[in-house]
Amino acid sequence: MATLNVNGKDLAVDADPSTPILWALRDTLGMTGTKFGCGQALCGACTVHLNGAPIRSCVTPISAATGQKITTIEAMASDRVGKAVQDAWVKHDVVQCGYCQSGQVMSATALLKTNRKPTDADIDAAMAGNICRCGTYARIRSAIKDAATQLA
Amino acid sequence: MNTTAQTSRRDFLKTTAITSGGLLMGVPLLTFGDAQAAGTLHTPSAWVHNADDNTITLLSARSEMGQGVYTSMPMLIAEELNVDIRRVKVAIAAPDAKLYGNALLGGTQLTGGSTSVRDGWENLRVAGAQVREMLISAAAARWNVDRSELKAENGTVLGPNGKKATYGELAEAASKMPLPVKVSIKDPKDFRIVGKRTKRLDTPAKVNGSAEFGIDVKLPGMVYAALEQCPVIGGTVKSVDAARAKSMPGVIEVVQIPDGVAVVADSWWRANQARKALAIVWDEGAGATLNDKAMLEGIRAASKSGRPLPIKAVGDAPAAIAASNRVVRAEYVSQLLSHSPLEPMNFTASYANGKMLLIGPTQWQDGAQGAVAKAIDMKPEDIGVQTTFLGGGFGRRIDLDFIVQAAQISKAIGKPVKLVWSREDDMTHDFYRPQSVHQLAASLGADGKPTAMTFRLTSQSVTGRVFGLPNEVPDDLMMEAAVAPYAIPAIHHDAIKHDAGLRVGYWRSVSHLLNAFANESFVDELAKEAGQDPYQYRMAMLAGQPRFANVLKLAMDKAASRPLPAGHARGIALMEGYDTYMAQVAEVSLDASGAVRVHRVTVAADPGRMVNPDTVEAQIQSSVVFGMGAALMQEITLDKGRVQQTNFHQFPVVRMSEAPAIDIILVESTEKPGGIGEPATAVIVPAIANAVATLTGKRVRKLPITADAIKAA
Ligand code: FES
Ligand code: FES
């Protein structure tokens, strides 16, 4: 039985050590805000933070996360930067189908935590791993800039 | 999922009795987030659920897959019901084609064809007005006053001497009033909701992880399934040795169904791991020899030998072209594509006591009910369908394969089960956008304008596959935008159906993309041959087509108002689709590798009346990016019947750094509403093709327009 620290809580996870964090979150812990899109670190839908840095939870086994802090979309409303990002997403009505957006919010939040004034190139780099099949990129870009302004 | 809705699911099997009389009495609703009404529900009509705690739930009969119907459908009802759109809840309707069928799609309860607003434009306003009148009647009876003294405003009926009652207070009495047959609806100039930029109602839940997609469904006692299907679509299981898979951790059962072998486990990860331990011998079937290049050759051959179905003929174009000494001919080819919505195919099925509950992302509620009924020999009325949010659709979720599979697995094991496909399953077992070959020819007169044009499309009929349309009957969904709006004295357009052997599906914008790519590339080629500017050339042929000329001018003026950097070029294209008129200007350059970069796209659209202009803009932004992928980077290929692309590294999707700036001009219009979920997907493709031709002097006539294709042109 592994223990994972998710959103500040230690949770017992009955899963094999090689199980990706994604599936431990979704199927074992019932936290389905983090999405499955590709399983190969190609789409970003599964993005969570590990010690604050964005990772693809679909390819990161729970054995790599023991003793470390996992943060998911479910905790963003109570995070200053995460909340600003969510508010900007609402203000710009970013979402369409919405399936990629947990991952987009996680990547954008990680960006703004380390870079309060991201340039277009910074945004391109930080968001490169997050596919939006609905093509909401223009609004994501505006929302990130807006959130940066709000946080300044 | 909140507890109320969980309960409603459990209750579903006990209480469901979808009434045939037109009311939805007693049918629990699947709603999202905290949207479930807490009070007792009263259902004056199939569209409005009015609870005595003043919660009003409006039904959307269309699936929310990003296109915004979860907001736009309720806006239409709320406009006449006179309630604040921000205060209503929304639920997706259960299958009942009588109540919720789509008149534009033959009455079936299907979301597609950019029809939602067009179909709902009047119906939903009438539905809202009916309930408003029933509330007024209830208040009139309660206060014993004449209806004419009352009005309904902002969720309250107001009467003489300050009399007031909320809709909630009147809910029960109103639901007993007869449904008024004739109601008056507002003149559009009095609209307070429709036509105004309105925030999507589903955004908050979609930014905090609480929105429930099919893949997120949880039922008590639910188990998880991963399904191994034959690598050749259509192949069947000859034999299976599941011993090793069965011994793997968490595995509960291994079940054979017609489409393959399902491993059922206590988590999806374990099911999918164990699936790899299955030893299956397949009968690969007729598809085992399919190869995309040979398929294309087959289509080309059919373009000569097949039976042409008429699209439109004026004058004797073939004779005029035969007699001309200035003829342009070109062949255009479109590739196979997968839909690849970001949420892989999945569905949850729960079979117990002769009833089946299906929960998940579908574009076709009564289709799902019917297909499952047929596949496992049940009565449709014993099958409930609840629709979650769809993590993208694009036409893929019109098909029902994954729903039937989930139902078969649940029936076999007698437990609730969630079937989830991997990305690889999804990409290799799609219903693909068919390949097409267009052969176009035109003769030019002394002024350089076409005197005659012929157009032949050869492709596979999706409608034949999905709805069994007979081969000799023309498929309207192959012929969209086949006739361009230009004034040409003689034309001869036809289409040939050819089954290339792979299963095909409706893909965002369907044949608009195929036909617009050919037509709008060709008109640029004619302008070039005539030595004329492609914009002026088009304009000269658009006399009597004011909506086309208007959008073309608007897009061009806006695009041309910015200087064009060195090394960039612009391309234009226009089209009418789904009653929406649109022109686009794409500005492109080549990067160091020779690949096309799209910097900016200017779109002018005249979609008639709009319900939510913000959604219209969002759908244009979305479609431009979606179509760009098809224009530049995506292609499905087959070898020995196997789809070669398995994930996003081989079927790339446009990413943030590649997404262009998009300028949008919306034309205010009182014309009837046009569809907006799809047309921009088609128009961007020839706009890019034309820009590339202008930039490089090389015309790429086969999609996708990759660096290699440009070099080889
Ligand atoms: S699911 Fe992890 S990157 Fe796509
Ligand atoms: S909103 Fe649909 S994939 Fe991004």
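Not measured: the values here are computed from a predicted model.

Asks: Residues and numbers for the overall build of chain B, please.
Replies: On a plain count of helices and strands, chain B comes out with 20 helices and 27 strands. In terms of overall dimensions, chain B is globule-like: its C-alpha atoms have a radius of gyration of 27 Å, near the 27 Å expected for 713 residues. Counting only C-alpha atoms, chain B reaches 80 × 75 × 45 Å along its principal axes. For chain B, the proportion of its 713 residues judged to be buried stands at 63%. Restricting the contact set of chain B to residue pairs at least 6 apart, pairs at least 24 apart contribute 75%. As displayed, chain B has an accessible area near 24,900 Å², and 51% of this comes from carbon and sulfur atoms. Across chain B, the centroid of the 75 positively charged side chains sits 2 Å from that of the 72 negatively charged ones.

Asks: Summarise the sheet that holds strand β24 (residues 596-606) of chain B; cite the residues concerned and give the values.
Replies: All names here are of chain B. Across the sheet, four strands lie side by side as β22-β23-β24-β27; this open sheet has mixed pairing. Of all the strands in the sheet, the pair left with one neighbour each is β22 (569-577) and β27 (661-666). Averaged over all neighbouring strand pairs, the angle between strand axes comes to 15 degrees, with direction disregarded. In this fold helix α18 (residues 613-632) packs onto β23 (580-590), β24 and β27, with an angle of close to 135 degrees to the strand it touches most, β27.

Asks: Tell me about the domain arrangement of chain A, residues and numbers included.
Replies: All names here are of chain A. Domain parsing of chain A yields domain 1 (2-74) and domain 2 (75-151). Between the C-alpha centres of domain 1 and domain 2 there is a distance of 20 Å. Listed per partner, the contact involves 18 residues of domain 1 and 14 residues of domain 2. At the boundary of domain 1 with domain 2, the tally comes to nine residue pairs in polar contact (both at pLDDT 80 or more). The element that contributes the greatest number of residues to the side of domain 1 that touches domain 2 is strand β3 (residues 47-50), accounting for three residues. Tallied by class, the residues present in the side of domain 1 that touches domain 2 amount to seven nonpolar, eight polar and three charged.

Asks: I'd like a rundown of the packing of aromatic side chains, residues and numbers included.
Replies: Per the stated rule, a full pass over the model turns up 15 aromatic pairs over all chains. Ring geometry for Y99(A) and F213(B): centres 5.2 Å apart, planes at 85 degrees, overall edge-to-face. Of this pair, Y99(A) sits in the loop between α2 (80-91) and α3 (101-114) while F213(B) sits in the loop between α6 (203-207) and β8 (223-229), which puts the two residues in different chains. For F213(B), a relative accessible area of 2% puts it in the buried group. Feature note: the residues Y99(A), Y70(B), F213(B) and F389(B) constitute an aromatic cluster, connected by ring pairs.

Asks: Describe the environment of T602(B), listing the residues and the values that go with them.
Replies: All names here are of chain B. With respect to the helices and strands, the residue T602 is situated in strand β24. Through-space distance from the C-alpha of T602 to that of P660 is 9.9 Å; in sequence the pair is 58 residues apart. Dropping the residues within four chain positions of it, T602 is found in contact with A555, K558, A559, A583, Q584, V585 and D663.

Asks: Describe the confidence of the model for chain B, naming the residues involved and giving the relevant values.
Replies: The share of residues in chain B with pLDDT of 70 or more is 94%, and the mean pLDDT across the chain is 92. Taken as a whole, residues 1-38 of chain B scores under 50 in pLDDT and shows 82 contacts with residues more than four places along the chain or in a different chain.

Asks: If you had to explain the pairing of strand β19 (residues 436-444) of chain B to someone new, which residues and values would you point to?
Replies: All names here are of chain B. Counting buried residues along β19, eight of its nine residues qualify, which places the element largely inside the surrounding structure. Note: strand β14 (residues 327-334) against β19, eight bridges, orientation antiparallel. Considered in β19, the bridge of S334 is made with S436. Between β19 and strand β20 (residues 450-459), which pair antiparallel one after the other, the connecting turn spans five residues, and G448 there sits at a positive phi close to 85 degrees.

Asks: I'd like a rundown of the interface of chain B and chain A, residues and numbers included.
Replies: Size of an interface, as often reported, equals the accessible area lost when the parts are brought together. Taken together, the contact pairs 60 residues of chain B with 50 residues of chain A. Approximately 4,400 Å² of surface area, both sides summed, lies buried where chain B meets chain A, with 58% of it carried by carbon and sulfur atoms. When the area that chain B buries against chain A is broken down by residue, the three leading residues are W269(B), L342(B) and M656(B), summing to 19%. Across the contact surface, chain B and chain A share four salt bridges. K35(A) serves as the salt-bridge partner of D216(B), at 2.5 Å between the closest nitrogen and oxygen. Counting across the chain B and chain A interface gives 28 residue pairs in polar contact (both at pLDDT 80 or more). Those elements giving two or more residues to the side of chain B that touches chain A turn out to be α6, α8 (268-275), β18 (417-420), α13 (423-428) and α18 of chain B. Here the side of chain B that touches chain A gets eight residues from one element, more than from any other, and that element is α18(B).

Asks: Help me get a handle on helix α4 (residues 116-143) of chain B, residues and values and all.
Replies: Residue and element names in this part refer to chain B. Between its first and last C-alpha, α4 extends 39 Å over 28 residues, near the 40 Å set by a 1.5 Å rise per residue. Of all 28 residues that make up α4, 23 are buried, and the element is covered over most of its length. Of the residues flanking the end of α4, it is N144, one or two places downstream, whose phi is positive at about 55 degrees.

Asks: Give me the domain arrangement of chain B: which residues, what numbers.
Replies: Residue and element names in this part refer to chain B. Taken domain by domain, chain B consists of domain 1 (2-208), domain 2 (214-285 + 345-420) and domain 3 (292-336 + 432-712). Relative to domain 3, the C-alpha centre of domain 1 lies at a distance of 39 Å. Area buried by domain 1 at its contact with domain 3 is led by S114, R118 and R197, which between them contribute 39% of it. Where domain 1 touches domain 3, the interface holds three salt bridges. The salt bridge partner of R197 is E617, with a shortest N-O separation of 2.7 Å. Within the residue set of the side of domain 1 that touches domain 3, elements represented by two or more residues are α2 (69-81) and α4. In terms of residue class, the side of domain 1 that touches domain 3 is made up of eight nonpolar, 10 polar and three charged.

Asks: Outline the sheet that holds β8(B), supporting the account with residue identities and numerical values.
Replies: Residues and elements named next belong to chain B. The seven strands lie next to each other as β10-β11-β8-β18-β15-β16-β17, forming an open sheet whose pairing is mixed. Only two strands of the sheet have a single neighbouring strand rather than two, namely β10 (251-257) and β17 (383-387). Here the average twist between neighbouring strands, direction ignored, is 25 degrees. In this structure, β10 lies alongside strand β11 (residues 260-265), joined through six bridges in antiparallel fashion. Following the sheet pairing, Q256 is matched in β11 by V261. Docked against the sheet, helix α11 (residues 365-375) engages β16 (355-360) and β17, running at close to 145 degrees with respect to β17. The sheet contacts of helix α12 (residues 401-413) involve β8, β10, β11, β15 (346-352), β16 and β18, and relative to β15 the element is tilted by about 35 degrees.

Thresholds applied
Residues numbered from 1 in each chain as written. Chains lettered and ligands numbered in written order. Predicted model: local features only at pLDDT ≥ 70, side-chain atom pairs only at ≥ 80, totals over all residues. Heavy atoms only, no water. Helix = DSSP H or I, 4+ residues; strand = E, 2+ residues; numbered from the N terminus. Rg over C-alpha atoms; globule rule 2.2 N^0.38 Å. Buried < 20%, exposed > 50% of the residue type's maximum accessible area, 1.4 Å probe, protein only. Contact = heavy atoms within 4.5 Å. Areas by Shrake-Rupley, 256 points an atom, 1.4 Å probe, with all protein chains shown as cover. Lys, Arg positive; Asp, Glu negative; His and termini not counted. Charge placed at Lys NZ, Arg CZ, Asp CG, Glu CD. Pairing = 2+ DSSP bridges. Axes fitted to C-alpha atoms, helices over the stretch in contact; angles between N-to-C directions. Domains from an automatic or database assignment. Polar contact = N/O pair within 3.5 Å; in protein donor to acceptor, adjacent residues only side chain to side chain. Nonpolar A, V, L, I, M, F, W, Y, C, P; charged D, E, K, R; others polar. Phe/Tyr/Trp six-rings, centres within 6.5 Å; stacked < 30°, edge-to-face > 60°. pLDDT = per-residue confidence, 0-100. Buried area = accessible area lost by both parts, 1.4 Å probe. Salt bridge = Lys/Arg side-chain N within 4 Å of Asp/Glu carboxyl O. Expected span 1.5 Å × (residues − 1).

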